[in-house]
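So you can see what is in the structure, the chains are spelled out below.
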Amino acid sequence: MLQAEPRTVLNFLSDKFDFMLELIAMNKHDAIIHDEKLKKLCQKENIDWRKLVDYKIIRELQQGDFELRKPIEIFINYISEDYKLDLPENIRKYFNSIEEIYEKLLGEENPESLHRLISGMIDEVQHFIETIESNTRSLLNESKELKANVRKIEYVEKIKKATYFIDFYIVPLNKILDANHTGSVIHKLSLVREQANKERIYNPDFSIRSLYEKLYNQVISANVELVKNSRVLTKELLPLLERIKTESQILAGFMEFLKKPNFYDTPILLKRTRHATYDPDAYFAAKDIWDQLVKQDEVILNTADGQKDIELPWVFDRVKFKKIITQSLPIKNYFLWSNNLMKNEITRQDFDFDKFFAMSALIFDEDYDITFDASERTEVKFSGLTLDVPSLTIDKKVTQKPKQEV
């Protein structure tokens, strides 16, 4: 029986929260709280140890030591997010309890008994979800702490601990949460969900239907949470621990090598080697190409009497034409100007389609401002083709000088 007001106990837990964390750490480390350690801690914090017994925080054992009461431990761990890892066997027991209640629900017809069984099933599902969540969070914290090596443990010990977490906790938990395994809790919950869904619709008793409705929603939410925790186990925890094992093995081996470098053969990665990144004949191939470019043979073109001179293919000289444009600014009706430019004495070229696009590309440089009047257009004629193009005015771009700071 609690020998103090509930508010008094809560106030004590709030005022002495740091003390409670030390007490829980002491209980977690030794499984019990030794009388000498308890009284030493209470003396340091100026707390009468008898209050802890009166407030139902600790229980005195026959041999004179103490143990922390489970509800207090669960509550403090919950609000401080310091969860204790439960054994997979402790979690697997939910399969038996859920299966037993489920079998009784199938054959029970008494309304009062049904009320009790459905409420019991809801509580059991809730406890199961909370246990899975706390175990997942605890495993995640332990794995991150192991990754950071906060306790500065040896590499071999890290490998052992990572292997222990995988084999002893994560693999069994995955089996418990495997929906495809008929012996898993989540598979049993799927049967409970089907039964609850049927009864919440067809059961003639309104109060029973309401309870089944609550159970159905509870199991639906449980499935979502279980899938989420299963994803953390398989996609975060397992790869993290596997990386720890791999990294630890590599580092442990390297440290061992550094202790006795002359005792082992030097790894290949530390040996100097020289490899050519090109073919041995690359020099001669490049020299042949260079000689062909530098030593050009003279080409003599002979034309017979009465034949026209050989017409060389036209090559667009971008620099030359851009210089002409710059010297001619401003230019009105640019495409008509380009046509006339090709026919004048400078180039003596016909303005064909290729030259049109070559000249068009020049005016999109950042050196020019382009304006056009939408109402005025120009026709540019080629052999077998006429283009209707806008009348463009090209001028030099005016750059604004930056304002001087006052």
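Residues numbered from 1 in each chain as written. Predicted model: local features only at pLDDT ≥ 70, side-chain atom pairs only at ≥ 80, totals over all residues. Heavy atoms only, no water.

Regarding the overall build of the chain
Next, step 1: The number of helices and strands found in the chain is 14 helices and five strands.
Next, step 2: Within the span of the chain, comprising 406 residues, buried residues form 33% of the whole.
Next, step 3: In the chain, once contacts between residues fewer than 6 apart in sequence are set aside, the share between residues at least 24 apart is 63%.
Next, step 4: Accessible area of the chain: about 28500 Å², with a carbon and sulfur share of 52%. (Helix = DSSP H or I, 4+ residues; strand = E, 2+ residues; numbered from the N terminus. Buried < 20%, exposed > 50% of the residue type's maximum accessible area, 1.4 Å probe, protein only. Contact = heavy atoms within 4.5 Å. Areas by Shrake-Rupley, 256 points an atom, 1.4 Å probe, with all protein chains shown as cover.)

Topic: a nonpolar patch on the surface
Next, step 1: A surface patch of nonpolar side chains, about 320 Å² in accessible area, is lined by Phe 75, Tyr 78 and Ile 79.
Next, step 2: Counting through the fold element by element, Phe 75 comes out in helix α5 (residues 70–80). (Patch = residues over 30% accessible without salt bridge, like charges linked within 9 Å, V, L, I, M, F, W, Y side chains within 5 Å. Salt bridge = Lys/Arg side-chain N within 4 Å of Asp/Glu carboxyl O.)

A short note on the packing of aromatic side chains
Next, step 1: Tallied over the full model, the rule gives three aromatic pairs.
Next, step 2: Ring plane angle 70° and centroid distance 5.4 Å describe the contact between Phe 12 and Tyr 55, whose orientation is recorded as edge-to-face. Of this pair, Phe 12 sits in helix α1 (residues 6–15) while Tyr 55 is found in the loop between α4 (49–54) and β1 (58–60), placing the two residues 43 residues apart along the sequence.
Next, step 3: Centre to centre, the rings of Tyr 94 and Phe 128 are 5.5 Å apart; their planes meet at 55°, and the pair counts as tilted. Of this pair, Tyr 94 sits in helix α6 (residues 88–107) while Phe 128 is found in helix α7 (residues 111–148), placing the two residues 34 residues apart along the sequence. Side by side, Tyr 94 and Phe 128 carry an identical accessibility label, which is buried.
Next, step 4: Seen from the ring of Tyr 94, Lys 93 lies directly overhead, with NZ or CZ sitting 5.7 Å from the centre.
Next, step 5: Lying over the aromatic face of Tyr 216, Arg 200 brings its terminal NZ or CZ to 4.1 Å of the ring centre. (Phe/Tyr/Trp six-rings, centres within 6.5 Å; stacked < 30°, edge-to-face > 60°. Lys NZ or Arg CZ within 6 Å of the ring centre and 35° of its normal.)

Points about the pattern of salt bridges
Oppositely charged side chains can pair when the atoms bearing their charge come close.
Next, step 1: A full pass over the atoms with the stated rule returns eight salt bridges.
Next, step 2: Across the pair Arg 59 and Glu 67 runs a salt bridge whose closest N-O atoms are separated by 2.6 Å.
Next, step 3: On the basis of relative accessible area, Arg 59 is assigned to the partly exposed category, the value being 35%.
Next, step 4: With a shortest N-O distance of 3.2 Å, Glu 73 and Lys 70 are connected by a salt bridge. Taken together, the residues span about one helical turn, with Glu 73 and Lys 70 both in helix α5 at a distance of three residues.

Digging into the confidence of the model for the chain
Next, step 1: Averaged over the chain, the pLDDT score is 76; the fraction of residues at 70 or greater is 73%.
Next, step 2: Per-element averaging of pLDDT across the chain places helix α11 (residues 282–294) at the bottom with 70 and helix α3 (residues 35–45) at the top with 88. (pLDDT = per-residue confidence, 0-100.)

Re unusual backbone geometry
Next, step 1: In this model, Leu 329 is joined to Pro 330 through a cis peptide bond whose omega is -5°.
Next, step 2: Along the chain, Pro 330 falls in the loop between α12 (318–328) and β3 (331–332).
Next, step 3: Despite not being glycine, Asn 46 shows a phi value in the positive range, around 60°.
Next, step 4: When you line up the elements, Asn 46 lands in the loop between α3 and α4.
Next, step 5: The exposure class assigned to Asn 46 is exposed, which follows from its relative accessible area of 71%.
Next, step 6: Within the chain, Lys 56 stands out as a residue other than glycine whose phi angle is a positive 60°.
Next, step 7: Residue position: Lys 56 is located in the loop between α4 and β1.
Next, step 8: Assessed through its relative accessible area of 28%, Lys 56 is described here as partly exposed.

Section: helix α2 (residues 17–30)
Next, step 1: Under the 1.5 Å per step criterion, the end-to-end length of α2 is 20 Å for 14 residues, consistent within 8% with the ideal 20 Å.
Next, step 2: Of all the positions in α2, only Phe 19, Met 20, Leu 23, Ile 24, Met 26 and Asn 27 are classed as buried. Seen along its axis, α2 keeps its buried residues to an arc of 160°; they face one direction. Looking at α2, the residues exposed on the side facing more than 90 degrees away from the buried face are Asp 18 and His 29.
Next, step 3: Check the buried side of α2 and you find it contacts α1, α3, α4, β1, β2 (66–68) and α5.
Next, step 4: Looking one or two residues past α2, Ala 31 carries a phi angle of roughly 70°, positive in sign. (Expected span 1.5 Å × (residues − 1). Arc of directions from axis to C-beta.)

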